[in-house]
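# Structural features, examined
Given next are the chains, with one letter for each unit.
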Amino acid sequence: MIITEKLLKQFIDVPKDIYDITNHKIIEIEDFGLVNDSTNLVIGKVLTCEDHPNSDHLHKTTVDLGDRIENIVCGAPNVAKGQYVIVAQVGSVLPGNFEIKKSKIRGEESNGMICSLQELGFDEKIIPDAYKEGIYYFPYEVKPGTPALEALSLDGWSMTLGLTPNRGDLLSVYGYALDLASVTGKTINEPTYNVKESNEVNPYTIDIESKGCGSYTARYIDQIKIKESPWWLKSALISRGMRPINNVVDISNYVLVLLGTPLHMFDANKIGSNKIVVRDAVDGEEVISLDEQKRKLTKDDVVITNGEKPIAIAGVMGLENTMVDDQTTAVLLEAAYFEPKRIQHTSKRLGLKSDSSLRFERGIDDKRVQLGLELATSLLVELADARVYQGVAKTVDHVLEDHPIKLSKSYISSRIGIALDEETLLKYFKQLNYQVEVNEDGYTVTPPSYRQDVVIDADVSEEIARLHGLNLVPIVQEQVRTQGYLTLKQKRTRMIRHFLADSGLNEIITYTLRSEADAQKYQNIGTPLSILMPLSEDKKVLRQSLLNGLLDTVKYNRSRQMDSIHLFEIGKVFSEGMERVHLGIVLHGTWHKQAWANKKVEPDFYLLKGLLEELVNRFGVELSYEATSEYDYLHPFRQAKVLYKGHCIGLIGTLHPKESKSLDINKAVLLEIDLTDILEAEKVIKYQAISKFPSITRDLAVVVDETLEVEKMEKLIVQTVRKQLVDLKVFDVYQGSNIETGMKSVAFNLVFNDPTKTLENEEVDKLMRKVMIRLDRELGAKVRS
């Protein structure tokens, strides 16, 4: 928001230290300087204008500067005798540090320069068409010698405020003046505008059928003459980077800047009825907006209609069918209050951002709507020779309710660390325009309607601290009574990060938001959660899996010629009523390479499984696995569910070739598990003395059906041998010659020990026979000969 000294003076006496006051007590200033930094410019009257004797495009002029007459050579095609022009005198400095000096131009003396608006630093797009190819001249008489910037209404300073989303009240000069009056204790000049009405009665009626509209007011005005705006109005817009259009359009923009009240003007002759109905749009309803774009609306949008068809998208943009143009002679002037959330939703969905929608989104003062209407009406009478019909058509559906805030008498002092007596507090409340009720328990304060961001007691304490001076709030070191520590969950999370990073993986953090189509692509943990106001369609739904981000990152790096990509992420996934912590890992490309020895290790299912088991063993947690083929994005024969205490907590497997091709990546192995229970699981550590007695090792090879899972055999062996078996490993799986088709040979290494005595070979042979008998009887396993 840009505040200029000239407009601010309408409402308040401007203090000299405005910069410090604003920066320290109101809001941060992004830019501060003169509206125009040209120097030594005056108004001159062209007394004579002749062709230059030595040029076919230059002119010799004599110009009255008030205290003297100077000869000036000018190359502008539109310079003429009798014009009142802007003259940069000798010694003047124009934007770009361009200094004007005495000179001779093709043999003729020139003491100054007659200026164009471009030479004064004006942006090409905001210069009126009549002055784009030459100098600027005033269409009315101006006393020669008058300071030119003053005549152009471009004198004084300009200040750009770095607004935060909560300070919608500062989106106008009047709103800023109110806050400046609060922090300085100065008196505000309350604006009032008198409207002279004709005897003709306003024929329009208003109906509100949408909760998105709080109130709607309108005046009917005719006999309008579309013409160029006076310079004071143009300069008010130009100094804010807004292009003047014509008197009618410029008036609505001026009211927006001055009072923060968005207005809209309909060409009344194009409306087609004397009835205005504000309603919710119909799903799929199509309209053409002022930018000539076709827009499809939804039921969440609010539209202004003539009782049948839409004539504006409420709070966002008007429609082409009621646009004001050069032939407009009558307008319906609208001033309304629309609900911020509805306007914000429509503006974002349609991609339409305007000065009006910005103010509606942040919440305008509904009590200021009528004021904006009356200012615009009075200006139309003054600048467009308009006739105002009697009466304001107005309908109110609902008003913004006051929100009283209760405070104890000690609350503010305790919050800001400064003891403020009641007299001081009441003075500050008054400066802030709060209504105050004092009682035994404390205060009940009601903020003014233009401060919709003050809703809780902490907001009030912040406002008091701001008024008193944030630089006066003491800095006190926090008194820590207990030593900080990490919870078990935090310790384990940190341990996971360190272990995986030490193992050669890189940790990444990916977006929590996904598109609706991607949200359940890899996992479905419940009903998806969508955010209310997404910034874009691809960042709309909270993720249900970490694999989306991990695989996107692999694809991103692969496209940049990175092949060995080993990543992990610890993050939250969401569904309706649920939030869980997951671990995701993806291994792509070479895991380990020894170029000098011509050796390399490619990651596979078992490498990743071993990495996971080594990780959870550090917590004393045991996982089991169940072969499956239900995940269609994983290889059907290289995937498994990960089980903890018999419950599935995740998956592990090799990416399906089709999925790899669609992502344009090579073979990858990945896993995703729910860490929530593991991070909080009790760690049970069992200590056991090392046996004094020797162990006996046996190998056992059996032939079984190739579909039989090795895990079932391992469980049966452990169950049979019980305490004497101290180690069990699979050291070979074979299919080929001497093995029947459809069968496989699995070889186990069994280690036996008894901590109480030395085992005899006969005892071990007996245990082995029991194992072979059970394997044969229950699983059909035959000892390989």
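Residues numbered from 1 in each chain as written. Predicted model: local features only at pLDDT ≥ 70, side-chain atom pairs only at ≥ 80, totals over all residues. Heavy atoms only, no water.

### Description of the overall build of the chain
Put simply, the rule is: The secondary structure listing takes helices from DSSP runs of H or I that are at least 4 residues long and strands from runs of E that are at least 2 residues long, numbered from the N terminus. For a compact globule the rule gives 2.2 Å times the number of residues to the power 0.38, and the radius of gyration it is set against comes from C-alpha atoms. Exposed residues in this analysis have more than 50% of their type's maximum accessible area, buried residues have under 20%, and partly exposed residues fall in between, with area computed by a 1.4 Å probe over protein chains only. Working rule for contacts: check all heavy atoms of both residues, and any pair within 4.5 Å makes them a contact. The protein chains shown are the only cover counted for residues, whose accessible areas, like all others here, come from Shrake-Rupley with a 1.4 Å probe. As used throughout, the charge tally considers Lys and Arg to be positive and Asp and Glu to be negative, leaving His and the chain termini uncounted. Lys charges are placed at NZ, Arg charges at CZ, Asp charges at CG and Glu charges at CD.
For the chain, the count of helices and strands is 20 helices and 43 strands. In summary, the chain has a C-alpha radius of gyration of 40 Å against a globular reference of 28 Å for 785 residues, an excess of more than 25%. Its C-alpha atoms give the chain principal-axis dimensions of about 130 × 80 × 60 Å. Looking at the chain as a whole, 49% of its 785 residues qualify as buried. Here the contacts in the chain between residues at least 6 apart in sequence split such that 69% fall between residues at least 24 apart. When the accessible area of the chain is evaluated, it comes to approximately 40,500 Å², of which 48% is carbon and sulfur surface. Taken together, the 96 basic and 114 acidic charged side chains of the chain have centroids lying 6 Å from each other.

### Quick notes on the confidence of the model for the chain
Selection criterion: A residue's pLDDT is the predictor's confidence in that residue, given on a scale from 0 to 100.
Within the chain, residue pLDDT values average 89, and 100% of them lie at 70 or more. Highest mean pLDDT in the chain belongs to strand S29 (residues 506–507) (96); lowest belongs to strand S34 (residues 592–594) (76).

### Things to note about the packing of aromatic side chains
To keep things clear, this is the line we draw: The criterion for an aromatic pair is that two Phe, Tyr or Trp rings (for Trp, the six-membered ring) have centres within 6.5 Å, with stacked assigned to planes under 30 degrees apart, edge-to-face to planes over 60 apart and tilted to the rest. The rule is short: NZ of Lys or CZ of Arg within 6 Å of the ring centre and within 35 degrees of the ring normal puts a charge over the ring.
Evaluated as defined, the whole model comprises 17 aromatic pairs. Relative to Tyr220, the ring of Tyr204 lies with its centre 5.7 Å away and its plane at 45 degrees, an arrangement referred to as tilted. Remark: Tyr220 occurs in strand S15 (residues 213–222) and Tyr204 occurs in the loop between helix H4 (173–184) and strand S14 (205–208); sequence separation between them is 16 residues. Exposure remark for Tyr204: the relative accessible area of 6% places this residue in the buried category. An aromatic cluster is present here, built from Tyr131, Tyr136, Tyr137, Phe138, Tyr140 and Trp231 joined pairwise through their rings. Above the plane of the ring of Tyr556 lies Arg560, whose end atom (NZ or CZ) is 3.7 Å from the centre.

### Observations concerning the environment of Asp765
Checked against the element boundaries, Asp765 lands in helix H20 (residues 761–779). Measuring from C-alpha to C-alpha, the distance between Asp765 and Arg698 comes to 9.0 Å, with 67 residues separating the pair along the chain.

### Looking at a nonpolar patch on the surface
Selection rule: Only residues whose relative accessible area exceeds 30% and that form no salt bridge are eligible for patches; like-charged ones are grouped when within 9 Å, while nonpolar side chains (Val, Leu, Ile, Met, Phe, Trp, Tyr) are grouped when within 5 Å. Think of a salt bridge as a Lys or Arg side-chain nitrogen and an Asp or Glu carboxyl oxygen that are within 4 Å of each other.
The grouping of Leu426, Val436 and Val438 at the surface amounts to a nonpolar patch, some 190 Å² of accessible area in total. For Val436, the location among the structural elements is in strand S27 (residues 435–438).

### What about the sheet that holds strand S26 (residues 405–408)?
Heads up, the rule is: At least two bridges found by DSSP between two strands is the condition for calling them paired. To get an axis, a line is fitted to the C-alpha atoms, and for a helix only the part in contact is used. The angle between two axes follows their N-to-C directions and goes from 0 to 180 degrees.
Across the sheet, three strands lie side by side as S26-S28-S27; this open sheet has antiparallel pairing. If you trace the sheet from one side to the other, it starts and ends with S26 and S27, each paired once. Between one strand axis and the next, the sheet turns by 25 degrees as a mean value, whatever way the strands run. Pairing geometry for S27 and strand S28 (residues 442–446), over four bridges, is antiparallel. Bridging from a neighbouring strand, Glu437 pairs with Thr444 of S28.

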